[in-house]
Amino acid sequence: MSVVGVAAAVCAGGAAWLVVGRDRGRWRASAVLAGGATPRSETSAWQRAVGLVGGRVRHEWWVLAAGAAVALLGESVLPLLLGAAGVPLMRRVRRRRDARLEKERVATAVIALCGELAGEVRAGRQPGEALRAAAGGDGPGLAGTGAGNGLGEARAGVLAAARFGGDVPGALEEAARAPGARGLVGLAACWRVAVDRGAGLAAGLERLEGALRAERDQRADLRAQLAGARSTAVMLAGLPVLGLLMGSALGASPLRVLLHTGAGLGCLAVGGALEGVGVWWALRIVRGAEER
């Protein structure tokens, strides 16, 4: 099979993957709105197989698979070695993304905890009882979050302090050390002011919830504005691959030149280094803007 045929197959597979992913998102949304399970009768065997493979195979192993495919097409072991070297890098990227998503889930749970705790207090419950109901139940609070970042143990400490009359603000500040749980510092301050000075706990929690929600929305808006810059950097990084495909379509055999000649290996090394530095620099600028 020629390089053009392989490229066409890859494009068709990518299109099918996008369609399946979009359909899966639509089914998940309909299931959440309907309050039931995903309608599996509407899924085909192919779509279930694609979803199963995508859920079981880590993203970094696709780099190794791509390197193996290029090694077969170019009749060289170098792309396979480069793909194997790229697996740890992609694993680091995936773990960083998973940590960011977990941090966002914890931050959302803290916002929900403040809102639910304010509702419980306004309903007439005592602060300790309201905290046990909000943080220990099956609602949108901290239950079920932070299993891998220490928030689970901190949550148990908060519940124990609320149950047995311990230092609830101290337990909340301890739990706030977990990634994404910084809002619990404000909850501890509201709790301390309400207990020491008799101020209204519900009003303070509602203001805290509004502030945390506004901060989260601001971060989401900034991330949406920077998505275009990130997509442009990734698109520019893929232009050399397009050049290789165009050269193969013209019959120039660019893979053979790059992998089997001294000048080609030199161009590959210099171009790969410049490509990596360019992508790293562009993404560093985007990350710096997000952090500020």
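Our structure's up above, just so we're on the same page.
These numbers come from a predicted model, not from an experiment. (Residues numbered from 1 in each chain as written. Predicted model: local features only at pLDDT ≥ 70, side-chain atom pairs only at ≥ 80, totals over all residues. Heavy atoms only, no water.)

**Student:** For this particular structure, what's the right way to read the overall build of the protein?
**Tutor:** The helix and strand tally for the protein stands at 12 helices and 0 strands. Relative to its 292 residues, the protein shows a buried fraction of 27%. Counting only contacts in the protein whose residues sit at least 6 apart along the sequence, the fraction spanning at least 24 positions is 58%. Put simply, the protein shows about 17900 Å² of open surface, and 63% of that area lies on carbon and sulfur atoms. (Helix = DSSP H or I, 4+ residues; strand = E, 2+ residues; numbered from the N terminus. Buried < 20%, exposed > 50% of the residue type's maximum accessible area, 1.4 Å probe, protein only. Contact = heavy atoms within 4.5 Å. Areas by Shrake-Rupley, 256 points an atom, 1.4 Å probe, with all protein chains shown as cover.)

**Student:** I tried to follow the pattern of salt bridges on my own but got confused; where do I start?
**Tutor:** Side chains bearing opposite charge may pair, as long as their charged atoms lie close to each other. Throughout the structure, instances matching the rule amount to 17 salt bridges. Note that Arg-94 and Asp-98 form a salt bridge whose closest N and O atoms lie 3.4 Å from each other. Taken together, the residues Arg-94 and Asp-98, both in helix H4 (residues 78–122) and 4 residues apart, mark about one turn of the helix. Measuring nitrogen to oxygen at the nearest pair gives 3.2 Å for the salt bridge that ties Arg-223 to Glu-104. With Arg-223 in helix H9 (residues 201–237) and Glu-104 in helix H4, the pair connects residues that are 119 residues apart, well separated along the chain. (Salt bridge = Lys/Arg side-chain N within 4 Å of Asp/Glu carboxyl O.)

**Student:** What is the right way to read the packing of aromatic side chains from this model?
**Tutor:** Remark: the centre distance and the inter-plane angle together describe each pair of aromatic rings, the angle taken between the planes. In total, this model carries 1 aromatic pair according to the counting rule given. On the basis of an interplanar angle of 50° and a centroid distance of 6.0 Å, the ring pair of Trp-280 and Trp-281 is categorised as tilted. The exposure class of Trp-281 is partly exposed, given its relative accessible area of 46%. (Phe/Tyr/Trp six-rings, centres within 6.5 Å; stacked < 30°, edge-to-face > 60°.)

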